[in-house]
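Summary of structural features
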Amino acid sequence: MCGGGLLITARGMIWFTVTLFACMTLLAAIVLPKWLIGPEQIPIENVDGNFTIYRQPSVGIYNRCKRMGHAEYNCGNFDLYGLATDPSIFPVPWKFTMTLMCVGTILLSMTLLGTLTTFFRVRTFCGRSVFKLMGIFQGVAAMMVLCGFLIYPLGWSEPRVKTLCGLDAEAYFPSDCRLGEALYFGAAGVMLSFASAVASSKAESAYYSVKAQQRIEEGHVLVCVP
């Protein structure tokens, strides 16, 4: 239900901002090929040969960066046929991780639009509180992404990871590899997703505060409250 006009609260803005950052960090985690970084140093000389840049091979949930040829460094996808890609190339645990993260991020992005509707005094949808509905969806999205993260290390025992990290690599033990920044982006995204679910109730209490409702009753078109 929409009462017309705008109602902007500080806690509502915080809710929107946290949700936005959660979507951005999760998206960065999905697309970056930096979940595991191998120990090898690949020297890459510039065209003139004046200096050398050292790169390290790495792998993400569906892409990788590695040495190609003598001293070339190439990044690209290895999920050539999507989820139908051979498990020896695209490990099954990573397929689950990619699916859960993508679905969770899409769901969280949809709730981002839901948070915006509350600024236009949309309070209910099909007789239910928009704040509570968005909070539930955000909690579900966070749980999906978290499950994807817990499944991801199960793929560290696959040949792809052993080639990159060493033969000692196994589930939850990456051997000589170190964790890359993309994995930390994802972890931050999970925490922000849970934080956005909690923030939804705070935004609802600010929306129905005495000060906000009093200004609405007075006929203010634009209402801004802390």
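Calculation criteria
- Residues numbered from 1 in each chain as written.
- Predicted model: local features only at pLDDT ≥ 70, side-chain atom pairs only at ≥ 80, totals over all residues.
- Heavy atoms only, no water.
- Disulfide = S-S within 2.5 Å.
- Helix = DSSP H or I, 4+ residues; strand = E, 2+ residues; numbered from the N terminus.
- Buried < 20%, exposed > 50% of the residue type's maximum accessible area, 1.4 Å probe, protein only.
- Pairing = 2+ DSSP bridges.
- Salt bridge = Lys/Arg side-chain N within 4 Å of Asp/Glu carboxyl O.
- Contact = heavy atoms within 4.5 Å.
- Phe/Tyr/Trp six-rings, centres within 6.5 Å; stacked < 30°, edge-to-face > 60°.
- 1 Å grid on protein atoms, 1.4 Å probe; cavity = no way out; pocket = protein on both sides within 12 Å on 5 of 7 lines; lining within 4 Å.
- Points joined across faces, edges and corners; volume = space filled by probe spheres on them.
- Nonpolar A, V, L, I, M, F, W, Y, C, P; charged D, E, K, R; others polar.

Observations concerning the state of the cysteines
Scanning the model with the defined rule gives two disulfides in all. For Cys65, the disulfide goes to Cys75, at an S-S distance of 1.9 Å. On the S-S bond that ties Cys65 to Cys75, the torsion sits near 110°, and the link is right-handed. In this pair, Cys65 sits in strand β6 (residues 63–68) while Cys75 sits in strand β7 (residues 72–77), placing the two residues 10 residues apart along the sequence. When its relative accessible area of 2% is taken as the criterion, Cys65 is described as buried. There is a disulfide in this structure between Cys165 and Cys177, and the S-S distance comes to 1.9 Å. Between Cys165 and Cys177 the disulfide shows an S-S torsion of about -95°. By sign, it is left-handed. Of this pair, Cys165 sits in helix α4 (residues 159–165) while Cys177 sits in the loop between α4 and β10 (178–179); the two residues are 12 residues apart in sequence, bridging distant segments of the chain.

Re the sheet that holds β6
Strand order in the open sheet formed by five strands is β7-β6-β5-β2-β10, and the pairing between neighbours is antiparallel. Strands at the two margins of the open sheet, each flanked by one partner only, are β7 and β10. Two elements, strand β2 (residues 36–37) and strand β5 (residues 58–59), share two bridges in a ladder whose sense is antiparallel. The residue of β5 that forms the bridge with Ile37 is Ser58.

Some points on the pattern of salt bridges
If you walk through the whole model with that rule in mind, you get one salt bridge. The salt bridge involving Lys132 is made with Glu204; its shortest N-O contact spans 3.1 Å. Here Glu204 lies in helix α5 (residues 181–207) and Lys132 lies in helix α3 (residues 130–151), a separation of 72 residues in the sequence.

Examining the environment of Ile61
For Ile61, the location among the structural elements is in the loop between β5 and β6. What makes Ile61 buried here is its relative accessible area of 0%. Once the C-alpha coordinates of Ile61 and Pro93 are considered, the two residues, 32 residues apart in sequence, prove to be 9.4 Å apart. Among all residues touching Ile61, those that are not within four sequence positions of it are Ile30, Trp35, Phe78, Phe90, Trp94, Thr97, Met98, Met101 and Tyr152.

A short note on the packing of aromatic side chains
For any two aromatic rings, the description comes down to two numbers: the centre-to-centre distance and the angle of the planes. Inspection of the entire model under this criterion finds 10 aromatic pairs. Pairing Trp94 with Tyr152 gives two aromatic rings, centres 5.3 Å apart and planes at 20°, and the pair type is stacked. Of this pair, Trp94 sits in helix α2 (residues 92–119) while Tyr152 sits in the loop between α3 and α4, placing them 58 residues apart in sequence. Taken individually, Trp94 and Tyr152 each receive the classification buried, so the pair is uniform in this respect.

Looking at empty space enclosed by the protein
By the definition in use, this model includes one cavity of 30 Å³ or more. By volume, the largest cavity amounts to about 40 Å³. What lines the largest cavity is simply Leu7, Ile8, Thr9, Gly12, Thr118, Phe119, Phe131, Ala203 and Tyr207. Of all the secondary structure elements, the ones that give two or more residues to the lining of the largest cavity are β1 (6–9), α2 and α5. The residue inventory of the lining of the largest cavity, partitioned by class, reads six nonpolar, three polar and no charged.

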